[in-house]
Amino acid sequence: MAQVLRSSQLVARFQRCCGLFPAAEEGAGDGDHVLARDTCPRGSPARQRLPEANGVKSSPQPQDCAQKYVVKNYFYYYLFKFSSALGEEIFYITFLPFTYWNINHDVSRRLVMMWCIVMYIGQVIKDILKWPRPHSPPVVKLEMRAEYGMPSTHAMAATSISFTYCIATINQNKYSLVLGLMAAFVFSTLVCLSRLYTGMHTVLDVIGGTLISAALIVLTYPAWDIIDHLMLTSPFCPILSIVVPLLLCYNYPKLEDYSPTRADTTTVLGAGAGATTGFWLNNLYEAPNYPNESLHLSLPPITEMMMVVLAKFLVGIFILLVTRYFIKGLALRVLCSKYQVSLNDLKVRRRLEIEVPYKFITYFSVGFSATVLVPLVHELLGLI
């Protein structure tokens, strides 16, 4: 308990240094603009109480749900809010497909592979260790998630994506290894610090997540080419890409109370399964291929290149969002009809037999569309 409080106080001290204070503290003057965020709206998963770990309650308290705070430095506020979003679904659903459509297929496959491995291991460790998040007070919480803290999967994803991208592209681009590593370090550091600023993790959570992710990169790097070859050529790839992730999701560690980690893990593995199946299918049927030099044109046609890149991105994202919307609604309706339950009942949608298949089907479709459907549309529109 004392260790948890010390870790929380360290996070709170970092927040104060960056100009973030609870409204009740002396640091919040009468002339400051007080913000109140309903970080835990009625019916949200964050209101579900998590079980205790070593006698320490890790669940958010009701008073945390509408916490008032004062921002004295808006530069840090917007910087870390933006950096935190780099570890959310909005970043994954934009950056990973963008890499496939506009940069390099080889790089994209390695990013998806490491993203799935790192996120699954991180989420499982989190629910096995059951370490609580920082206490509030003294920490100001800008977000509220009903899950455990160690390790920070934001830190893990940021580290794996940035350094995998650097390693995978270093021989294909005209920049030095030092420059690439510096960019990856800055990216991952911003995301890690954002988790402290938003009050979601302790310093140990962030360090642990970074080290685990770095270890996984080192351990898997020698097998990247082998896995990539099997991903493209093995006749068992589509079957394994679907069966193995589903087994992992259905056998995810069980908790006494609901936590969104299983749903988040199913989302990642579903998207990875769909993308992997698309990679295999494209290689088998020699589907439309984007030139690896798409972002390495000379200076004169730079404007035309940027217009094509932007068009690919907007068309692709529109298709992915439409796919996600319709497949999610359809999967939920079919499953709820099968089990004869209400579509609008949030508790029912969290049941294993409904949550896992509807999440997996939805994001499998998104991943498959990103690698198969979108390139076909790009070719049809003359964007390849």
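Quick summary incoming for the structure in this document.

The full count for this structure, using the stated rule, is 18 aromatic pairs. Aromatic side chains Phe 75 and Tyr 76 sit 5.5 Å apart centroid to centroid with 65° between the ring planes, which places their arrangement in the edge-to-face category. With relative accessibility at 57%, the residue Phe 75 sits in the exposed group. When its relative accessible area of 30% is taken as the criterion, Tyr 76 is described as partly exposed. Consider the rings of Tyr 77 and Tyr 78, whose centres lie 5.2 Å apart with planes at 80°: the pair is edge-to-face. Three or more aromatic residues joined by ring pairs form one cluster here, namely Phe 91, Tyr 92, Phe 95, Trp 115, Tyr 165 and Phe 187.

Turning next to the side chain of Arg 133. By secondary structure assignment, the location of Arg 133 is in the loop between helix 4 (105-129) and helix 5 (153-169). Residue classification places Arg 133 among the buried positions, given a relative accessible area of 4%. Polar side-chain contacts of Arg 133 include one of 2.7 Å to the backbone oxygen of Met 200. Within the structure, the side chain of Arg 133 is placed 3.3 Å from the side chain of His 201, a separation counted as a polar contact.

In this section: the layout of surface pockets. As a volume, the second largest pocket reaches approximately 570 Å³. What lines the second largest pocket is a set of 22 residues, and nearest its centre among them are Leu 240, Ser 241, Val 244, Pro 245 and Thr 276.

Calculation notes
- Residues numbered from 1 in each chain as written.
- Predicted model: local features only at pLDDT ≥ 70, side-chain atom pairs only at ≥ 80, totals over all residues.
- Heavy atoms only, no water.
- Phe/Tyr/Trp six-rings, centres within 6.5 Å; stacked < 30°, edge-to-face > 60°.
- Buried < 20%, exposed > 50% of the residue type's maximum accessible area, 1.4 Å probe, protein only.
- Helix = DSSP H or I, 4+ residues; strand = E, 2+ residues; numbered from the N terminus.
- Polar contact = N/O pair within 3.5 Å; in protein donor to acceptor, adjacent residues only side chain to side chain.
- 1 Å grid on protein atoms, 1.4 Å probe; cavity = no way out; pocket = protein on both sides within 12 Å on 5 of 7 lines; lining within 4 Å.
- Points joined across faces, edges and corners; volume = space filled by probe spheres on them.

Taken by themselves, the reported measurements are silent on function.
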